[in-house]
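Below, each chain spelled out in residue letters.
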Amino acid sequence: MLVVTGPSGVGKGTLIRSLMERYPGLELSVSATTRKPRPGEVDGRDYHFLTPEEFQRRLVRGEFLEHAEYAGNRYGTLRSELDRLDAMRAAGGDEIRGLVLEIELQGARQVRRALPEAVQIFVEPPSLEALRTRLVGRGAESPEQIERRLAVAEQELAAKDEFHHRIVNDRLEDAVEALARLVATIWGQRKSGENE
Ligand code: ADP
Ligand code: 5GP
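Residues numbered from 1 in each chain as written. Chains lettered and ligands numbered in written order. Predicted model: local features only at pLDDT ≥ 70, side-chain atom pairs only at ≥ 80, totals over all residues. Heavy atoms only, no water.

(A) Summary view of the packing of helix H5 (residues 128-138) against helix H6 (residues 143-157). Look at H5 against H6: their axes get within 11 Å of each other, and the N-to-C directions meet at 145°. Like other packed secondary-structure pairs, H5 and H6 cross with a definite hand, here right-handed. Residues Leu 128, Leu 131, Arg 132, Leu 135, Val 136 and Arg 138 of H5 pack against Ile 146, Glu 147, Arg 149, Leu 150, Ala 153, Glu 154 and Leu 157 of H6. Split by residue class, the contact of H5 with H6 holds 8 nonpolar, no polar and 5 charged. (Axes fitted to C-alpha atoms, helices over the stretch in contact; angles between N-to-C directions. Helix = DSSP H or I, 4+ residues; strand = E, 2+ residues; numbered from the N terminus. Left-handed = near helix turned anticlockwise from the far one by under 90°. Contact = heavy atoms within 4.5 Å. Nonpolar A, V, L, I, M, F, W, Y, C, P; charged D, E, K, R; others polar.)

(B) The site of ligand 1, seen in detail. Close to ligand 1 lie 13 residues, the nearest being Gly 9, Lys 12, Thr 14, Arg 138 and Asn 169. Backbone polar atom of Gly 11 to an oxygen atom of ligand 1: 3.0 Å apart, as the coordinates give it. Leu 172 places a main-chain nitrogen or oxygen 3.4 Å from a nitrogen atom of ligand 1. Burial of ligand 1 by the protein amounts to 72% of the accessible area it has alone, namely 570 Å². Where the shell around ligand 1 is concerned, the elements lending two or more residues are helix H1 (12-22) and H5. When residues in the shell around ligand 1 are grouped by element, the largest group, 3 residues, is from H1. In terms of residue class, the shell around ligand 1 is made up of 3 nonpolar, 6 polar and 4 charged. (Near = heavy atom within 4 Å. Polar contact = N/O pair within 3.5 Å; in protein donor to acceptor, adjacent residues only side chain to side chain. Areas by Shrake-Rupley, 256 points an atom, 1.4 Å probe, with all protein chains shown as cover.)

(C) How the structure looks around the site of ligand 2. Near ligand 2 you find 16 residues, and of these Ser 31, Arg 35, Tyr 47, Tyr 75 and Glu 104 are the closest. One nitrogen or oxygen atom from the side chain of Tyr 75 is found 2.5 Å from an oxygen atom belonging to ligand 2. Residue Gly 76 places a main-chain N or O atom 3.1 Å away from an oxygen atom belonging to ligand 2. Calculation on ligand 2 without its partners gives an accessible area of 510 Å², and the protein chains cover 96% of this total. Counting residues per element, the ones that place at least two in the shell around ligand 2 are strand S5 (64-70) and strand S6 (73-78). Its residues assigned to classes, the shell around ligand 2 shows 5 nonpolar, 4 polar and 7 charged.

(D) Spatial organisation of the sheet that holds strand S8 (residues 119-124). With respect to topology, 5 strands assemble into an open sheet ordered S2-S7-S1-S8-S9, the strand pairing being parallel. The open sheet has two free edges, formed respectively by strand S2 (26-28) and strand S9 (165-168), since each of these has just one partner strand. For this sheet, the mean inter-axis angle between neighbouring strands, taken without regard to orientation, is 25°. Both S8 and S9 contribute to a ladder of 4 bridges, which runs parallel. Directly across from Glu 124, in S9, lies its bridge partner Val 168. Packed on one face of the sheet, H1 meets strand S1 (2-5), S2, strand S7 (98-102) and S8 and runs near 145° to S2. (Pairing = 2+ DSSP bridges.)

(E) Region of the structure containing the pairing of S7. Here S7 lies mainly inside the structure; 4 of its 5 residues are buried. In this sheet, S7 lies alongside S1 in parallel orientation, the contact comprising 3 bridges. By the bridge assignment, Leu 2 is partnered in S7 with Val 100. The pairing of S2 with S7 spans 3 bridges and is classified as parallel. Following the sheet pairing, Leu 26 is matched in S7 by Gly 98. (Buried < 20%, exposed > 50% of the residue type's maximum accessible area, 1.4 Å probe, protein only.)

(F) How the structure looks around unusual backbone geometry. Of note, the phi angle at Ala 71 is positive, near 45°, even though the residue is not glycine. Within the fold, Ala 71 resides in the loop between S5 and S6.

Here it is, written out as structure tokens:
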């Protein structure tokens, strides 16, 4: 399992898409959220869009591996997403396979406790100014929401040292290359560990 964390707008989604093109055996975990869909987002593909009541009901039933509140909405990884890992293990082979979780800091900490073997990667922006430019450029949130996300970003960046693996997303191609190399190296190490 690959956990990718970093402030909103840093480019996690963009990087993961490129990584998955390169390694088609990777699958993205579909999170649940109470946030409203953005234009173009599809229920069940981008997120499981839940009402706050449904989210709470599932939480009480113990259906989440991790969950967090972020900028006024709730987000969480459903345990059912992990079933896909069993199928990947059963498939075996040398192709790079894994489940990718794109989640914020509190969730990443919960996964670290629950599944210490998961690989955790923190994506950093070259600067806060660059982060602001990207959030504004994406055009998905109101100016108030952007300010809220930038305030959270400063807290998240303060925790980057918790992560073994860090990638600065300055030039996109360089960051994609660094991420792909990192994943291939870790995969190789784990495979050779299994064969010993
Ligand atoms: P996240 O998933 O971390 O919230 P996105 O992948 O949605 O971030 O990226 C936020 C915006 O920044 C998008 O408009 C994306 O095209 C842009 N972006 C991503 N990486 C870079 C980069 N290296 N340089 C400039 N813009 C980038
Ligand atoms: P967005 O609203 O931009 O889609 O996501 C906001 C933040 O929530 C991002 O940092 C994203 O990584 C995080 N996020 C998305 N899904 C989950 C999840 O299942 N759990 C947690 N903890 N965070 C998530």
